[in-house]
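Structural characterization, general
Residues per chain, in single letters:
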Amino acid sequence: MAQMGEVFIVDDDAAVRDALSLVLSLEGYHVRGFSDGAAFLSVARSHVPSCIVLDVHMPGRSGLDILKELEADRYPAPIFIISGQGDIPMAVDAIRHGALDFIEKPFDADTVVERVRDAIEAHKRRNAAEPVDLLSAHFPGHDLLTPREREVLVQIASGASNKEAGRLLGISPRTIEVHRARIMEKLGAKNAADLVRIVLKDMRA
């Protein structure tokens, strides 16, 4: 039943939980639904699934609150935020707090399954073969970057386009651009070439 991995769905809307549970179950995933953040957090802290799909708008704790409490930027599973068109700024904020990417409403079943599958596979690839040199290198501003920003930085430094980096990391090119802007801001880089110079300067010293 859990051959494809386990997916947690966190949404106060039972219809959304049921629909996502159905399509993901049909693909071979074991799905567990949660109607509120408190119930989810009590399980997620001790049991790590393969992927989490989290609604940004919920009574009580919002999706953003849950990301902060879970310390999502260090959580060992990819987390998607479900976001409506008017919630895009909030979704970008969620990415800054550790969400892998966002799934925009309205969404179709095939899109959700594909995004979840890609994220889980990308997560496995990174765990199997991380480019340790750059991820562990110490350069000015290194400690300002989140683990995910360092992963994106590896792709930028290797010359990958936003699309290529997104495919390798299992996220959208738009989200790569969000991370790229944050990385450049934190490291004080003017462009991608400047960014690579900052990162590689101390490594060559």
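Values in this document were obtained by computation on a predicted structure and should not be read as measured data.

The next thing to look at is a negative patch on the surface. On the surface, Asp-108, Asp-110, Glu-114, Asp-118 and Glu-121 cluster together into a negatively charged patch. Along the chain, the position of Glu-121 falls in helix H5 (residues 109–128).

Looking only at helix H8 (residues 162–169), the buried set comprises Ala-165, Gly-166 and Leu-169. For H8, the arc enclosing every buried residue in end-on projection is 100°, short of the 170-degree limit, so these residues lie on one face. Residues of H8 that are exposed and point more than 90 degrees away from the buried face comprise Lys-163 and Arg-167. Downstream of H8 by one or two residues, Gly-170 has phi in the positive range, about 75°.

On the UniProt side, "modified residue: 4-aspartylphosphate" (unreviewed entry) is annotated at positions that read Asp-55 here. Tracing the sequence through the fold places Asp-55 in strand E3 (residues 51–55). Sequence-distant contacts of Asp-55, that is, excluding residues within four places in its chain, are made with Val-10, Asp-11, Asp-12, Gly-63, Ile-82 and Lys-105.

Extensive coverage of E3 is indicated by the burial of five of its five residues. What you see with E3 is no split at all: Cys-51, Val-53 and Asp-55 on one side and Ile-52 and Leu-54 on the other are buried throughout. Across four bridges, the pairing between strand E1 (residues 6–10) and E3 is parallel. Looking across to E3, one finds that Phe-8 is bridged to Ile-52.

The next thing to look at is the nonpolar core. With 36 residues, the main nonpolar core has Val-7, Leu-24, Val-116, Leu-153, Ile-183, Leu-187 and Leu-195 as its most contacted residues. Top element by residues in this core is H5. It accounts for five residues. Residues contacting Leu-195, with those up to four places away along its chain left out, are Leu-153, Ile-156, Ile-183, Met-184, Leu-187 and Ala-189. If you look at the next biggest cluster of nonpolar residues, it comprises 28 residues, including Ile-66, Leu-67, Ile-88 and Ala-99.

So, about the pattern of salt bridges. This model, assessed by the stated rule, comprises nine salt bridges. Close ionic contact of Glu-149 with Arg-182 constitutes a salt bridge, the shortest N to O distance being 4.0 Å. Residue Glu-149 is found in helix H7 (residues 147–157), and its partner Arg-182 is found in helix H9 (residues 173–187); the two are separated by 33 residues along the sequence. On the basis of relative accessibility, which here comes to 22%, the residue Arg-182 falls in the partly exposed class. Each of the salt bridges in this network shares a partner with another, and the network as a whole consists of Arg-45, Arg-61 and Glu-69.

What counts as what
Residues numbered from 1 in each chain as written. Predicted model: local features only at pLDDT ≥ 70, side-chain atom pairs only at ≥ 80, totals over all residues. Heavy atoms only, no water. Patch = residues over 30% accessible without salt bridge, like charges linked within 9 Å, V, L, I, M, F, W, Y side chains within 5 Å. Areas by Shrake-Rupley, 256 points an atom, 1.4 Å probe, with all protein chains shown as cover. Salt bridge = Lys/Arg side-chain N within 4 Å of Asp/Glu carboxyl O. Lys, Arg positive; Asp, Glu negative; His and termini not counted. Charge placed at Lys NZ, Arg CZ, Asp CG, Glu CD. Helix = DSSP H or I, 4+ residues; strand = E, 2+ residues; numbered from the N terminus. Buried < 20%, exposed > 50% of the residue type's maximum accessible area, 1.4 Å probe, protein only. Arc of directions from axis to C-beta. UniProt positions renumbered as here; feature names shortened; annotations may be inferred. Contact = heavy atoms within 4.5 Å. Pairing = 2+ DSSP bridges. Core = buried A, V, L, I, M, F, W, Y, C linked by side-chain atoms within 4.5 Å.

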